[in-house]
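Residues per chain are reported as follows:
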Amino acid sequence: MFRPILVFDSGIGGLSVLSEIRSLLPGRDYVYLFDNARLPYGELQDEVLISGCVDLVVRLSRQIDAALVVIACNTASTLVLPALRAQLSIPVVGVVPAIKPAAQLSRVGEIGLLATPGTIKRDYTRQLIEDFAGDSQVHLFASSELVLLAERKMAGAPVNYEDLMKILAPIKETDLDVLVLGCTHFPMLKQEMRDCLGDKVSLLDSGKAIARRVDSLLPDNSMVTEKMGLLLGYHTTANIEPGLCERLELLGFSKLSYFPPAE
Ligand code: DGL
């Protein structure tokens, strides 16, 4: 029996990362934790975000004896990784905006970062841009509405294109040709965003790179056979929409127990 991989996010965003990991490592067991009680993370104070994530991830990874943890959330990863790694002896993989490949891909030297308000304001993000996109013009766009739009879509509601157009309007005013989706919720709206932005803008996320990183950190993957991977379950920190429950069931997830945050 292989120890499971724990994948964590505030909501449905990390499912975009989990799906990339599963296509590379179908034989593994997975436990997903939604911290939906505190969504959206992009609006939380730094200290609240750090203490809450550390509490949940450390307790659950010990409870399930996780082999590795994926913080499938840019907003959390840009802040909580050092505190988490200090408490866990297993590998902790984070997600950071794909600034470096975006700068390399852009033909016009103008890229955009679309992320949550938390990610946009972080020193970590500023440093990432300075280190890897120093020669590019980088436009920053913050949105928590887009996070909520992706949540509603996964729960079965139609995407409101008028709302989406309003959120994306500032992007259309620039000449950028590569847009970094710096929040794991946003790939869930990739098709709708393409409809609004047209095909001159490439949309980049970090999902595949994270999957490769996870693969490289688990040395026993070669022993995993197609027949394994029986566990695909999720915990939540609050009730979730019935539509989302149904969607998760269709995707093959089983509902695990409610996982309460610390008092
Ligand atoms: N999915 C998250 C991210 O990658 C956080 C969304 C939120 O809760 O604001 O940033």
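Residues numbered from 1 in each chain as written. Predicted model: local features only at pLDDT ≥ 70, side-chain atom pairs only at ≥ 80, totals over all residues. Heavy atoms only, no water.

**Student:** Even after reading the chapter, I still don't get the pairing of strand 5 (residues 110-115), so can you show me in this structure?
**Tutor:** A regular strand places its side chains so that they alternate between the two faces of the sheet. Counting buried positions over the six residues of strand 5 gives six, a clear majority of the element. The alternating pattern of strand 5 places Glu110, Gly112 and Leu114 on one face and Ile111, Leu113 and Ala115 on the opposite face, and all of these are buried. In this sheet, strand 6 (residues 137-142) lies alongside strand 5 in parallel orientation, the contact comprising six bridges. In the strand pairing of strand 6, Leu113 is matched with Leu140. (Buried < 20%, exposed > 50% of the residue type's maximum accessible area, 1.4 Å probe, protein only. Helix = DSSP H or I, 4+ residues; strand = E, 2+ residues; numbered from the N terminus. Pairing = 2+ DSSP bridges.)

**Student:** What is the right way to read the pairing of strand 1 (residues 5-9) from this model?
**Tutor:** Most of strand 1 is tucked away, with five of its five residues classed as buried. Here strand 1 shows no split at all, with Ile5, Val7 and Asp9 on one side and Leu6 and Phe8 on the other all buried. Pairing geometry for strand 1 and strand 2 (residues 30-34), over five bridges, is parallel. For Leu6, the partnering residue across the bridge sits in strand 2 and is Val31. Note on the crossover from strand 1 through helix 1 (residues 14-24) to strand 2: the handedness is right-handed. (Right-handed = clockwise from strand over helix to strand, strands pointing away.)

**Student:** What is the right way to look at the sheet that holds strand 3 (residues 68-71) in this model?
**Tutor:** For sheets, the rule is that strands pair by backbone hydrogen bonds, running either parallel or antiparallel. Spatial ordering of the open sheet is given by 4-3-1-2-9-10, a layout of six strands whose pairing is parallel. A single partner strand is all that each edge strand has here, and the edge strands are strand 4 (92-94) and strand 10 (254-255). Bridge count for strand 2 against strand 9 (residues 232-236) is five bridges, and the pairing is parallel. Opposite Tyr32, over in strand 9, you have Tyr234 as the bridge partner.

**Student:** Whenever I open this one, the pattern of salt bridges confuses me. Can you help?
**Tutor:** In this structure the tally under the stated criterion is eight salt bridges. For Lys153, the salt bridge goes to Glu192, with nearest N and O atoms at 3.0 Å. Here Lys153 is found in helix 7 (residues 145-154), whereas its partner Glu192 is found in helix 9 (residues 190-197), with 39 residues between them in sequence. On the basis of relative accessibility, which here comes to 26%, the residue Lys153 falls in the partly exposed class. For Glu192, a relative accessible area of 10% corresponds to the buried category. Notably, a salt bridge pairs Lys190 with Asp205, separated by 3.0 Å at the nearest N-O pair. With Lys190 in helix 9 and Asp205 in the loop between strand 8 (202-204) and helix 10 (207-217), this pair connects stretches of sequence that are 15 residues apart. (Salt bridge = Lys/Arg side-chain N within 4 Å of Asp/Glu carboxyl O.)

**Student:** Honestly, the packing of helix 7 against helix 8 (residues 161-172) in this entry has me stumped. Any pointers?
**Tutor:** When two helices pack together, their arrangement is captured by the angle between the axes and the distance separating the axes. At a closest axis distance of 10 Å, the pairing of helix 7 and helix 8 adopts a crossing angle of 150°. In terms of axis orientation, helix 7 runs roughly antiparallel to helix 8. Considering how the two elements wind past one another, helix 7 and helix 8 form a crossing that is left-handed. Here Glu145, Leu146 and Leu149 of helix 7 lie close against helix 8, whose contacting residues are Asp163, Leu164 and Ile167. In terms of residue class, the contact of helix 7 with helix 8 is made up of four nonpolar, no polar and two charged. (Axes fitted to C-alpha atoms, helices over the stretch in contact; angles between N-to-C directions. Parallel < 35°, antiparallel > 145°, perpendicular 65-115°, else oblique. Left-handed = near helix turned anticlockwise from the far one by under 90°. Contact = heavy atoms within 4.5 Å. Nonpolar A, V, L, I, M, F, W, Y, C, P; charged D, E, K, R; others polar.)

**Student:** Would you mind going over the packing of aromatic side chains with me for this structure?
**Tutor:** The geometry of two aromatic rings is summed up by the distance between their centres and the angle between their planes. Scanning all chains against the criterion turns up four aromatic pairs. Measuring from ring centre to ring centre gives 6.4 Å for Phe8 and Tyr41, while their planes differ by 45°; the resulting arrangement is tilted. Linking Phe8 in strand 1 with Tyr41 in the loop between strand 2 and helix 2 (46-63), this pair joins segments that are 33 residues apart in sequence. Taken individually, Phe8 and Tyr41 each receive the classification buried, so the pair is uniform in this respect. Between the aromatic rings of Phe34 and Tyr234, the centroid separation amounts to 5.6 Å while the plane-to-plane angle is 75°, which identifies the pairing as edge-to-face. Taken together, the residues Phe34 in strand 2 and Tyr234 in strand 9 connect sequence positions 200 residues apart. Tyr234 matches Phe34 in its accessibility class, with the two residues each being buried. In textbook terms, an aromatic cluster arises when at least three aromatic residues are bridged by ring pairs, as seen for Tyr32, Phe34, Tyr234 and Phe253. (Phe/Tyr/Trp six-rings, centres within 6.5 Å; stacked < 30°, edge-to-face > 60°.)

**Student:** Hey, could you run me through the site of the ligand in this one?
**Tutor:** Taken together, 13 residues are adjacent to the ligand, and Ser10, Tyr41, Asn74, Thr75 and His185 come closest. Within the side chain of Ser10, an N or O atom sits 2.7 Å from an oxygen atom of the ligand. Here an oxygen atom of the ligand sits 3.0 Å away from a polar atom, N or O, in the main chain of Gly42. A total of 300 Å² of accessible area belongs to the ligand in isolation, and the protein chains cover 100% of it. Classifying every residue of the shell around the ligand by side-chain character gives five nonpolar, seven polar and one charged. (Near = heavy atom within 4 Å. Polar contact = N/O pair within 3.5 Å; in protein donor to acceptor, adjacent residues only side chain to side chain. Areas by Shrake-Rupley, 256 points an atom, 1.4 Å probe, with all protein chains shown as cover.)

Fair warning: the whole summary comes from geometry, so function is off the table for now.
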